[in-house]
Amino acid sequence: MTRILPILTFLIIACGGKSEEKKETTQTTQTTQTTTNLAEEGKKLFQTKGCVACHYADKERSAKLVGPGLKDIHKERSEEWLIAMITNPDSMLKNDSIAKALLKEYGTPMTNQNVSVEEAKAIIEYIKSLSGGS
């Protein structure tokens, strides 16, 4: 009996570890699927909201259309800044020094396309997906 108890304890602990690993793998898979779905939604929004008329999503900043190329923009600017610029460019162009410098550099103000915060997050995920994600 005393020999069986340590073996049972080991089996219970070992099984519990595998359950935890499965849980982490499932959560990672769900996060990846959610990010992928968000990026797909962002792609649609990038086209339907008119972003595509002024920006390349998959080219570097120097690849100017009307505005800068957006590849890797999430590495240069915080998500909060990107959301503010996408959702409220009028205010950003009046009050933000970076936005003012971009206006001076590109000569054309970013138009307000009535993008919600959630839509902006999806657009950012789309750009990240084209940039290799990180």
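This is a predicted model, so every value here is computed, not measured. (Residues numbered from 1 in each chain as written. Predicted model: local features only at pLDDT ≥ 70, side-chain atom pairs only at ≥ 80, totals over all residues. Heavy atoms only, no water.)

Considerations on the pattern of salt bridges
Inspection of every chain in the model, using the stated rule, returns 5 salt bridges. The shortest N-O distance in the salt bridge between glutamate 119 and lysine 49 comes to 3.7 Å. Taken as a pair, glutamate 119 in helix 6 (residues 117-130) and lysine 49 in the loop between helix 1 (4-48) and helix 2 (73-76) lie far apart in primary sequence, 70 residues in all. (Salt bridge = Lys/Arg side-chain N within 4 Å of Asp/Glu carboxyl O. Helix = DSSP H or I, 4+ residues; strand = E, 2+ residues; numbered from the N terminus.)

A closer look at the packing of aromatic side chains
In this structure the tally under the stated criterion is 1 aromatic pair. Plain terms: the ring middles of phenylalanine 46 and tyrosine 126 are 5.6 Å apart, the flat faces sit at 55 degrees to each other, and that makes the pair tilted. Of this pair, phenylalanine 46 sits in helix 1 while tyrosine 126 sits in helix 6; the two residues are 80 residues apart in sequence, bridging distant segments of the chain. Here phenylalanine 46 and tyrosine 126 have matching classes, each one buried. Across from the ring centre of tyrosine 56, 4.4 Å away, lies the NZ or CZ of lysine 59, which sits over that ring. Between the NZ or CZ atom of arginine 77 and the centre of the ring of tryptophan 81, over which it lies, the distance is 5.3 Å. (Phe/Tyr/Trp six-rings, centres within 6.5 Å; stacked < 30°, edge-to-face > 60°. Buried < 20%, exposed > 50% of the residue type's maximum accessible area, 1.4 Å probe, protein only. Lys NZ or Arg CZ within 6 Å of the ring centre and 35° of its normal.)

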